[in-house]
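Residues per chain, in single letters:
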Amino acid sequence: MPPTNTAHHAANHNCSCGCIPGEFLRMRYFYGQLLGATDLADEQAYHAGKQRFHNRYLHGWGTICGLAVERAAPPPPDDPPNGTNDPDTTSTVLRVRRGAALDRCGNEIVVPGDYCIDVNAWFRTQQPDLDDILDPPPPPEPDSPTPTESTTGRIVVVIRYQECPSEPTLAPRDPCGCADEGCEYARIRETFRLDLATRAELSDTHDDAPFPWGPRGRALAALADPSGRALREAAAAPCPAPKKGGWLVLAIVPVTFSADRSAIIDVGAPDIGTPLRRVLLSTSALQAAFSAADSNFEIGPRLLTPTLTDDSHIRLPVHLVTPAAGPPATPLEPSTVTTDAVELTRFEGGTGWVDLTVNAITVNTDGDAAELELDDALTANTVIRLTIDQDPAHPWSDAAGRAVSPLFTSRGFTVVETDSGDLALAPLPN
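Residues numbered from 1 in each chain as written. Predicted model: local features only at pLDDT ≥ 70, side-chain atom pairs only at ≥ 80, totals over all residues. Heavy atoms only, no water.

1. Digging into the overall build of the protein
Here is step 1: The number of helices and strands found in the protein is six helices and 20 strands.
Here is step 2: Burial analysis of the protein (430 residues in total) assigns 35% to the buried set.
Here is step 3: A separation of at least 24 residues holds for 63% of the contacts in the protein among residues at least 6 apart in sequence.
Here is step 4: Looking at the protein as shown, the accessible area adds up to about 25,300 Å², and 53% of this sits on carbon and sulfur atoms. (Helix = DSSP H or I, 4+ residues; strand = E, 2+ residues; numbered from the N terminus. Buried < 20%, exposed > 50% of the residue type's maximum accessible area, 1.4 Å probe, protein only. Contact = heavy atoms within 4.5 Å. Areas by Shrake-Rupley, 256 points an atom, 1.4 Å probe, with all protein chains shown as cover.)

Rendered as structure tokens:
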């Protein structure tokens, strides 16, 4: 066997998940060349590495299609074995539908059929920490000295890429080895693993923003700039740091425990709309969406994440539209920005949401932000919800008459105290 070119071999194999390799190296064949297992492995690694790089940096990661999670109630004895979704029948079984996804390394995950998971069997086998599953306990009953314990909770359905060696084959025994068996696996099955987890076990599943846009959809604001300058600046952002493959979240599932919390006795309807479930739209899906869009689709200024100016003023920054001829951007038209579209509430335990009064709203001199003046000062650790619901016929607009988007938005924030002692708004965690 010819000596291995270790530099070439390392370039194809030693790039960790999600990293940008120093270079791609492919095999060059010539007449009479003697090929060994390392050469053929390099050939496969080149093509697999290119495909994963393409998937990771051109498409991203998330569920592509299918992989819906359903509650599968056990069927009556005389019924077909497909189960039902009758909410009146207790069940601990979940069904995951066939589908496909890409993980954070660019690996394709293909689920060819429907699979079922018994939640109670997982609970009894894995014995997870109850504190990571249980919901907060309900309020104590009046005149009851014993606090009520929670018997409900949440678990997470997850999936990941997995490789399994298969097809054991007779092979020449290694003369330098100590094993007697002469057997090697001739194939690797690219498959998947379905599992259940607690939220505490998935602390890193949603901290990786899709390249190059960053968190909270900053690219959508960049697309509103007809000159393309903002888009080019966004695309010049650094490539995301390498991440391990990890789990993909498919659903959050409510569960009910027995009175002694030793078993899970029922599951509720899985939530596949959770922000933890990452969705990856295919090119065909995006094309269909744009084709179906109104031909008069209007690109205008866009609201960005609110900030606190001080304890009684909330700033609403706006990404303005820059004309094709270049700067300056078109400012907001102050006469269109009114308090009628704004509703601010504060959450109070045991009471619920309480209205806060917005005295006035003013547009700054640059026309790129509006500021809310509050009647009551905000304090640290307060949870608030800011809702903006514009009249489509009389929306907030810029000086060219383009409407500020989105017309409707409702977001929750926690008022936090920074290290410098100032107050700031932190979005409520997912």
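2. Details of helix 3 (residues 119-126)
Here is step 1: Every buried residue of helix 3 is listed here: Val 119, Asn 120, Trp 122 and Phe 123. One face of helix 3 carries all of its buried residues, which in axial projection span an arc of 160°. Away from its buried face, by an angle of more than 90 degrees, helix 3 presents the exposed residues Arg 124 and Thr 125.
Here is step 2: Contacts made by the buried residues of helix 3 are with strand 3 (93-96), strand 6 (115-118), strand 7 (152-170), strand 8 (183-197), strand 9 (248-257) and strand 10 (264-267).
Here is step 3: One side-chain oxygen at the N-terminal end of helix 3 lies 3.1 Å from the backbone nitrogen of Asn 120; it belongs to Asp 118.
Here is step 4: At the exit of helix 3 stands Gln 127, carrying a positive phi of roughly 50°. (Arc of directions from axis to C-beta. Polar contact = N/O pair within 3.5 Å; in protein donor to acceptor, adjacent residues only side chain to side chain.)

3. Re the sheet that holds strand 2 (residues 69-71)
Here is step 1: Strands sit in the order 2-3-6 across an open sheet of three strands; the sheet is antiparallel. Each edge of the open sheet carries a strand with a single partner, namely strand 2 and strand 6. Each adjacent strand pair in this sheet contributes to an overall mean axis angle of 30°, direction not counted.
Here is step 2: In this sheet, strand 3 lies alongside strand 2 in antiparallel orientation, the contact comprising three bridges. Directly across from Arg 71, in strand 3, lies its bridge partner Leu 94.
Here is step 3: Relative to the sheet, helix 3 contacts strand 3 and strand 6, its axis offset from that of strand 6 by approximately 50°. (Pairing = 2+ DSSP bridges. Axes fitted to C-alpha atoms, helices over the stretch in contact; angles between N-to-C directions.)

4. Some details on the confidence of the model for the protein
Here is step 1: This prediction gives the protein a mean pLDDT of 81; 77% of its residues lie at or above 70.
Here is step 2: The low-confidence segment residues 1-13, where pLDDT is below 50, has 20 contacts with residues more than four positions distant or belonging to other chains.
Here is step 3: Segment residues 209-218: pLDDT under 50, and 19 contacts once partners within four positions in sequence are set aside and those in other chains are kept. (pLDDT = per-residue confidence, 0-100.)

5. Quick word on the packing of aromatic side chains
Here is step 1: Scanning all chains against the criterion turns up five aromatic pairs.
Here is step 2: On the numbers, 5.7 Å between centres and 80° between planes, the contact of Phe 24 with Phe 53 is edge-to-face. In this pair, Phe 24 is assigned in the loop between helix 1 (6-13) and helix 2 (37-59) and Phe 53 in helix 2, connecting sequence segments 29 residues apart.
Here is step 3: Taking the centre distance of 5.2 Å and the plane angle of 85° together, the rings of Tyr 115 and Phe 192 count as edge-to-face. Of this pair, Tyr 115 sits in strand 6 while Phe 192 sits in strand 8, and the two are 77 residues apart along the sequence.
Here is step 4: Accessibility expressed as a relative area gives 35% for Tyr 115, which makes it partly exposed.
Here is step 5: The structure contains a cluster of three or more aromatic residues connected by ring pairs, namely Phe 24, Phe 53 and Tyr 57.
Here is step 6: The ring of Trp 61 is capped by Arg 104, whose NZ or CZ atom sits 5.1 Å from the centre of that ring. (Phe/Tyr/Trp six-rings, centres within 6.5 Å; stacked < 30°, edge-to-face > 60°. Lys NZ or Arg CZ within 6 Å of the ring centre and 35° of its normal.)

6. Focus on the side chain of Ser 150
Here is step 1: With respect to the secondary-structure elements, Ser 150 resides in the loop between helix 3 and strand 7.
Here is step 2: In terms of polar contacts, Ser 150 uses its side chain to reach the backbone carbonyl oxygen of Asp 135, at 3.1 Å.
Here is step 3: The contacts of Ser 150, once residues within four sequence positions are left out, are Leu 134, Asp 135, Pro 136, Pro 137, Pro 138 and Arg 261.

7. A word on helix 2
Here is step 1: Here helix 2 is 23 residues long and its end C-alpha atoms lie 32 Å apart, about the 33 Å a rise of 1.5 Å per residue gives.
Here is step 2: Looking at helix 2, one finds that the buried residues are Asp 39, Asp 42, Ala 45, Tyr 46, Asn 55, Arg 56 and Tyr 57.
Here is step 3: Phi turns positive one or two residues past the end of helix 2, at Gly 60, with a value near 100°. (Expected span 1.5 Å × (residues − 1).)

8. Quick look at the pairing of strand 9
Here is step 1: Most of strand 9 sits inside the fold, with eight of its ten residues counted as buried.
Here is step 2: Bridge count for strand 7 against strand 9 is eight bridges, and the pairing is antiparallel. Bridge assignment links Val 158 to a residue of strand 9, and that residue is Val 249.
Here is step 3: Relative to strand 10, strand 9 runs antiparallel, the two being bridged by three bridges. Bridge pairing links Phe 257 to Ile 264 in strand 10.

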